[in-house]
Amino acid sequence: MVVRVAMRDGNRRISSEMGTDVDIKKDRRRHLLSDTLSLSFSLIRHTMADQMSDDDESRQSPQSDLDFTSNKARNCIATGSVSGHPEFRLPYPDQVLENVLENVLHFLPSRRDRNAASLVCKSWYRVEALTRSELFIGNCYAVSPTRATSRFPRARALHLKGKPRFADFNLMPPDWGAHFNPWLLSFAKAFPWLEKVYLKRMSVTNDDLATMAESFSGFKDLVLVCCDGFGTSGLAIFVSKCRELRVLDLIESEVADDETDWISCFPECESQLESLIFDCVESPINFEALEKLVARSPSLKKLKLNRHVSIGQLYQLMVQAPQVTHLGTGSFSPLEVDMQDDQEPDYVTAFADCKSLVCLSGFREIVPDYLPAVYPICANLTSLNFSYANITAEQLKPIISNCHKLQVFWVLDSIRDEGLQAVAATCKELRELRVFPVDAREDSDGLVSEVGLQAISEDCRKLQSILYFCQRMTNAAVIAMSKNCPDLAVFRLCIMGRHRPDHVTGEPMDDGFGAIVKNCKKLTRLAVSGLLTDKAFEYIGRYGKLVSTLSVAFAGDSDMGLKYVLEGCPQLKKLEIRDSPFGDAALCSGLHHYYNMRFLWMSSCRVTRQGCQQIACAMARLVVEVIRSADEEDMDDCVETLYMYRSLVGPRNDAPKIVTIL
Amino acid sequence: MASGCSKNVESSCPQLLNLIPQGREWHHVKREDERKDGSSVEKKLELRLGPPGEDNSEGDDESLLSLGYFSSSSMGSVLSTPWGKNHHQQQTKTCSFLQFPSTTAPPHSLPVMAKESSQPCCNKAVDLQDAERKAFNLPANTAVPLNTSQKRTAPGPVVGWPPIRSIRKNLATSSKLASDAPGVDTPSEKPAAEPNGKGLFVKINMDGVPIGRKVDLKAYDSYEKLSTAVDELFRGLLAAQRDSSAGEIVNKEDGEKAITGVLDGSGEYTLVYEDNEGDSILVGDVPWHMFVSTVKRLRALKSSELSALRLGSSKQGKMKT
């Protein structure tokens, strides 16, 4: 039975040539069918994908957008004759297609592709919804849990993000929201088979952890990034009940010290643990229990210890788990007892035995004398994080000079420009560099400068992402980087002193950032700093066509700055602005675009309550939250903070009093 | 920041000063392209904390109230912002410096306030913390007793700026200094050798290399083989140490040279061991099997320094390698 499968988009058949003839009866092997269809489909995907946004929530209710096509015009048209078997019934076209589609769509993990597929027609929408296993929700307030669970009935993984990034810097009240609980309750009922939860900037309580452990019997992966609200007692319950736990990653989260020994609570039997990351946990742990846990976790590949694990203890763990690929070394300093004991271990051999080690971090309280221990594995490292290690260039050089394969490097500016030059000299494969300040104050001594940036740009040509904190910079160095590193997708420069110009020419930093947006054709994320006029924003609006995340602080002269950006950057999704002179007029210039964005944040700017109210009235699907400065003498009505985001849900009911939703 | 000032960042920043607001210095600070409308307003808000007429235009910086927080740049800009002297300027934290003379560091900080930075800034303005900011600011606002009713934006440390998560702050003090920790090879009376069925592991240190290794004496049957092992164990480490101290990045192959002559004193290093009675003995003196049965730990000392050691004495104290 020969079936013609053609693709269409809404009303139009895309092209009859893009269909294929497939004999279903003959070619019963479904994978062949899938291959054919996925090939055809990928052609479609390219044309459709760039019209789609990356979030589910961006669309209105899909039904209204779709065309209900009649049977005749449907995709799958059966032609040809049927064999004479009496029980054989011609399957209705949809059923064949849907079965086939299910197979095809399994090949599509990317949510952008899936979003595109779901828009093709109702049938595709349905099948895609049934086959989507990982739900990504970029703003937990943009859509309701029930909507998510009802559309995607077979989800097995949830990826949820809450607060905007500026919450990390104390710019939001602590009880602002982003509670995991409502999502958890909804998912616990709908998806008892849920396996994986990834949360970023959400508030999770101990009770939530307990509920998770109880509700999801086969739970495997928990990743909490920049979360808070829970403590070691919640962890204890969680690990004791999740018998199939594979991944427990606590990354940059705040974990309260409830004085509970959670490590001892892992079940005694052999564990499936593959990843245990707890370097952000500030409280001490039971080392003996940890050692036993590692010993009974043969699959453990990622282990990142907190600063309460000494180097002697690290040794003992490494000996138990030489198969690790990612290692966070804890304090990397000895306890008294480590030093007195003449049995001081052979750290070098321990590292040398970890032949699969590719990612190294930790060094929370480093005693640099021990650094040579890592020499044996430098040549294999692709990722090295020294961003908690206050080391000098001299201490860095012997290590970095062997790290020829390094792709990701995080470091403190204590290594100075000289250290960065050493990095540049060796690390030709560098993709991502982050330089953090040892002394994060506006007027601290600048330890790195344009010299370091220039050196990196000249030798690390494959650089894709950079975050650079400094006290002084020049346009020339930034321009050089824009030309030397064409693959740059993320450029975040933080000149810590506010409003600092190019320290050589005295000019604003407009030209530097202008060059970045102009020359770096792949740029999607940009953070600006230093003295910037509206010109910088004009450049961004004119050239930054792919910019999706923009971070602005203490910059610009007038409303025009913001206007340039809102009018010029079609891909803009996340815009966070603080302390810049943009007001209501600028705000209104973005009305055409706000539904395409995940959020807009403006704090300490010039927007007034009226301006915000106007926006709220004009756009029904936007939630506009304002935080006013609680000042009795408040004469005008500028708002302190404006945070607005598209949402299918409407105003939330869990906002603290300080937040007003217009 | 004034371009003039920017060039002088490293040297003293004369335009800036301390607390005593005699007014005019502010103008020096402003950038040419700055909006200047703030100045007159600011003038009205000066606080007089010191005797009038005192001339501070030299900016004798090591003021008693050194603050170390405020950069000239921030000061210039902040003071002249055109928008609203009312709220929502920087949520500046504290005017601790105005608590004359005690200056307390703003809480979230960073060591040592009295960092007499080359840009001691001063701030004449007073900032009123509004309660809300306190709510989600970092704690302890050292609020200023003297204030005006107007909320001035002081070029104080601003909430959330620089944008570093608090977990990454205070790193200047978190890393231990090498000098704090005693050397890794602090000797003790405990035996170094750990005989077990599988091997006889003995600790070995080399002068100039902070990190020790362990060697299994059961794997060798002669001093020559031991000597080769020492070369293998330390060649790479020594080369790396040399590279780092020379300040160059030397290719590994080029920079390494074999460690030889450890047994006869002809090389740069000589092997010495400590026996069960605490004596330090040159390796090679006694038959191998006797050596193995009495050795407790090994050291590779610089041959040039051998004579300085009193070999054969008991209770060898701290032999620093």
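Along every chain, residues carry numbers that run from 1 in the direction the sequence is written. Key to labels: chains lettered from A, ligands numbered from 1, both in the order written. Local features in a predicted model are, by the rule used here, given only for residues with pLDDT of at least 70; side-chain atom pairs are given and counted only at 80 or more, and totals for whole chains, interfaces and linings are based on all residues. Only hydrogens and water are set aside when side-chain values are computed; all heavy atoms of the structure are taken into account.

**Regarding the overall build of chain A**
For clarity, the threshold we go by: Under the scheme used here, helices are H or I runs from DSSP no shorter than 4 residues and strands are E runs no shorter than 2 residues, and both carry numbers assigned from the N terminus. Accessible areas in this description were obtained via Shrake-Rupley with a 1.4 Å probe; residue shielding takes into account the shown protein chains only.
Assigned secondary structure in chain A consists of 23 helices and 28 strands. Approximately 24400 Å² of chain A is accessible, and the part contributed by carbon and sulfur atoms is 50%.

**Quick notes on the overall build of chain B**
Note the threshold: Categorising residues by exposure relies on relative accessible area from a 1.4 Å probe, with only protein chains included: less than 20% of the type maximum marks a residue as buried, more than 50% marks it as exposed, and the intermediate range marks it as partly exposed. Between two residues, a contact is recorded if the distance between any of their heavy atoms is within 4.5 Å.
Of regular secondary structure, chain B possesses nine helices and six strands. For chain B, the proportion of its 321 residues judged to be buried stands at 55%. Excluding contacts between residues fewer than 6 apart, the proportion of contacts in chain B whose partners are at least 24 apart in sequence is 70%. Within the structure as shown, chain B displays about 13600 Å² of accessible surface, and the carbon and sulfur contribution to it stands at 54%.

**Considering the pattern of salt bridges**
Our working rule: Salt bridges are defined as contacts in which a side-chain nitrogen from Lys or Arg sits within 4 Å of a carboxyl oxygen from Asp or Glu.
Counting across every chain of the model gives 34 salt bridges over all chains. Notably, a salt bridge pairs B:Arg299 with B:Glu274, separated by 3.2 Å at the nearest N-O pair. Here B:Glu274 lies in strand β4 (residues 269-275) and B:Arg299 lies in strand β6 (residues 295-302), a separation of 25 residues in the sequence. The residues B:Arg299 and B:Glu274 share a single accessibility class, namely buried. Salt bridges sharing common partners tie together A:Arg114, A:Glu128, A:Arg132 and A:Arg151.

**Considerations on the pairing of strand β27 (residues 639-646) of chain A**
Residues and elements named next belong to chain A. Spelled out, the test is: The pairing criterion for strands is at least two bridges between them, as found by DSSP.
Burial analysis of β27 places eight of its eight residues in the buried class, which makes it a mostly covered element. Looking at chain direction, strand β25 (residues 599-603) and β27 are connected through five bridges and run antiparallel. Along β27, the bridge assignment pairs Trp601 with Tyr643. Where strand β26 (residues 622-628) lies against β27, seven bridges are found, and the strand directions are antiparallel. Each residue of the ladder has a partner; that of Val626, found in β27, is Leu642.

**Quick look at the packing of aromatic side chains**
Under the convention used in this document: Here is the rule: rings of Phe, Tyr and Trp (six-membered ring for Trp) pair when centre to centre is within 6.5 Å. Planes less than 30 degrees apart are stacked, more than 60 are edge-to-face, and the remainder are tilted.
A full pass over the atoms with the stated rule returns 28 aromatic pairs over all chains. For the ring pair A:Phe332 and A:Phe363, a centre distance of 4.8 Å and an interplane angle of 65° mean the geometry is edge-to-face. Residue A:Phe332 is found in the loop between β15 (326-329) and α12 (336-340), and its partner A:Phe363 is found in the loop between β16 (359-361) and α14 (375-378); the two are separated by 31 residues along the sequence. A:Phe332 sits in the buried class, given a relative accessible area of 0%. Judged by its relative accessible area of 0%, A:Phe363 falls in the buried class. With a centroid separation of 4.7 Å and 85° between ring planes, the pair formed by B:Tyr273 and B:Phe291 is classed as edge-to-face. Separated by 18 residues along the polypeptide, B:Tyr273 in strand β4 and B:Phe291 in helix α9 (residues 288-294) bring together distant segments of the chain. Judged by relative accessible area, which is 3%, B:Tyr273 ranks as buried. Feature note: the residues A:Tyr141, A:Phe166, A:Phe169, A:Trp176, A:Phe599, A:Trp601, A:Tyr643 and A:Tyr645 constitute an aromatic cluster, connected by ring pairs.

**Quick notes on the packing of helix α7 (residues 181-190) of chain A against helix α8 (residues 206-215) of chain A**
All names here are of chain A. Quick reminder of the rule: Angles run from 0 to 180 degrees between N-to-C directions of axes, and those axes are lines fitted to C-alpha atoms, restricted for helices to the stretch in contact. When describing relative orientation, an angle under 35 degrees is termed roughly parallel and one over 145 degrees roughly antiparallel, while 65 to 115 degrees is termed roughly perpendicular and anything else oblique. By convention, the crossing between two helices is left-handed when the near helix turns anticlockwise from the far helix through less than a right angle, and right-handed when the turn is clockwise. Side-chain classes follow a simple rule in which Ala, Val, Leu, Ile, Met, Phe, Trp, Tyr, Cys and Pro form the nonpolar group, Asp, Glu, Lys and Arg form the charged group, and the remainder, Gly included, forms the polar group.
It is the contact of α7 with α8, at a shortest axis distance of 10 Å, that shows an interaxial angle of 10°. The pairing of α7 with α8 is recorded here as roughly parallel in orientation. Where α7 crosses over α8, the two elements pack in a sense that is left-handed. In this structure, α7 uses Asn181, Leu184 and Ala188 to contact α8, whose residues at the interface are Asp208, Thr211, Met212 and Ser215. Here the residues of the contact of α7 with α8 are counted per class, giving three nonpolar, three polar and one charged.

**Describing the pairing of β26(A)**
Residue and element names in this part refer to chain A. Along β26, six of the seven residues are buried, which leaves the element largely enclosed by surrounding structure. Here β26 runs beside strand β28 (residues 659-661); their pairing, made up of three bridges, is antiparallel. Residue pairing for β28: Ile627 is matched across the bridge by Val659.

**Section: helix α21 (residues 559-568) of chain A**
Those residues of α21(A) that sit buried are A:Gly561, A:Leu562, A:Val565, A:Leu566 and A:Gly568. Looking at the buried side of α21(A), the elements it contacts are α20 (534-543), β23 (549-553), β24 (574-578), α22 (584-588) and β25 of chain A.

**So, the side chain of A:Glu625**
Residues and elements named next belong to chain A. We count it as follows: A 3.5 Å cut-off defines polar contacts: any pair of N or O atoms within that distance qualifies, except that in protein one atom must be a possible hydrogen donor and the other a possible acceptor, and neighbouring residues in sequence count only when both atoms are side-chain atoms.
Looking at where Glu625 falls in the secondary structure, it is placed in strand β26. Of note is the side chain of Glu625, whose polar atom sits 3.0 Å from the side chain of Trp176. A distance of 2.7 Å separates a polar atom in the side chain of Glu625 from a polar atom in the side chain of Tyr645. Residues within four places of Glu625 in sequence aside, it is in contact with Trp176, Thr641, Leu642, Tyr643, Tyr645, Arg652, Val659, Thr660 and Ile661.

**Some words on unusual backbone geometry**
Look at the link from B:Trp161 to B:Pro162: it is a cis peptide, with omega at -5°. One can find B:Pro162 in the loop between α5 (131-136) and α6 (171-174). Here A:Cys226, not a glycine, exhibits a phi torsion of approximately 50°, which is positive. Here A:Cys226 is to be found in the loop between β9 (221-225) and β10 (230-231).

**A word on the environment of B:Arg165**
When you line up the elements, B:Arg165 lands in the loop between α5 and α6. Take B:Arg165: its relative accessible area is 18%, and that puts it in the buried class. Not counting chain neighbours up to four residues away, the residues in contact with B:Arg165 comprise A:Asp168, A:Phe169, A:Cys226 and A:Glu252. Engagement of the side chain of B:Arg165 in a polar contact is seen with the side chain of A:Asp168, the distance being 3.1 Å.

**Overview of α8(A)**
Among all positions in α8(A), only A:Asp208, A:Leu209, A:Ala210, A:Met212 and A:Ala213 are buried. Contacts from the buried residues of α8(A) go to α7, β8 (196-200), β9, β10 and α9 (232-241) of chain A.

**Description of the confidence of the model for chain B**
Selection criterion: One number per residue, pLDDT, summarises how confident the predictor is, and it ranges from 0 to 100.
With 33% of its residues at a pLDDT of 70 or more, chain B has an overall mean of 56. Note on residues 53-154 of chain B: pLDDT is under 50 here. Beyond four places in sequence and across chains, it has 299 contacts.

**What about the packing of helix α15 (residues 393-400) of chain A against helix α16 (residues 416-426) of chain A?**
Between two packed helices, both the angle of their axes relative to each other and the distance between the axes serve to describe the pair. All names here are of chain A. α16 packs onto α15 with a crossing angle of 10° between their chain directions and a minimal axis gap of 9 Å. The orientation of α15 relative to α16 falls into the category roughly parallel. Contacts from Ala393, Glu394, Leu396, Lys397 and Ile400 of α15 reach α16 at Glu418, Gly419, Ala422, Val423 and Thr426. Among the residues forming the contact of α15 with α16, the class breakdown is five nonpolar, two polar and three charged.

**Looking at the state of the cysteines**
Residues and elements named next belong to chain A. We count it as follows: Throughout, disulfides are identified as pairs of cysteine sulfur atoms within 2.5 Å of each other.
Tallied over the entire structure, the rule returns zero disulfides over all chains. As a non-bridged cysteine, Cys470 has Cys494 as the owner of its nearest cysteine sulfur, 7.5 Å distant. For Cys485, which is in no disulfide, the shortest distance to another cysteine sulfur is to Cys460 and amounts to 7.4 Å.

**Some points on the side chain of A:Ser283**
Tracing the sequence through the fold places A:Ser283 in the loop between β13 (275-277) and α10 (287-295). Not counting residues up to four positions away in its chain, the partners in contact with A:Ser283 are A:Thr232, A:Asp257, A:Asn306 and A:His308.

**Some words on the environment of A:Ile516**
Residue and element names in this part refer to chain A. Position of Ile516 relative to the elements: it lies in helix α19 (residues 510-519). In sequence terms Ile516 and Lys483 are 33 residues apart; their C-alpha atoms lie 8.1 Å from each other. Filtering out sequence-adjacent residues up to four positions away, Ile516 remains in contact with Val478, Ser482, Leu488, Phe491, Leu523 and Leu526.

**Here's the deal with the confidence of the model for chain A**
Residue and element names in this part refer to chain A. Within chain A, residue pLDDT values average 86, and 84% of them lie at 70 or more. pLDDT under 50 marks residues 9-19. Its contacts with residues more than four places away, or in other chains, come to 22 contacts. Below a pLDDT of 50 lies the segment residues 46-85, which in the model reaches 74 contacts outside its immediate sequence neighbourhood of four places, other chains included.

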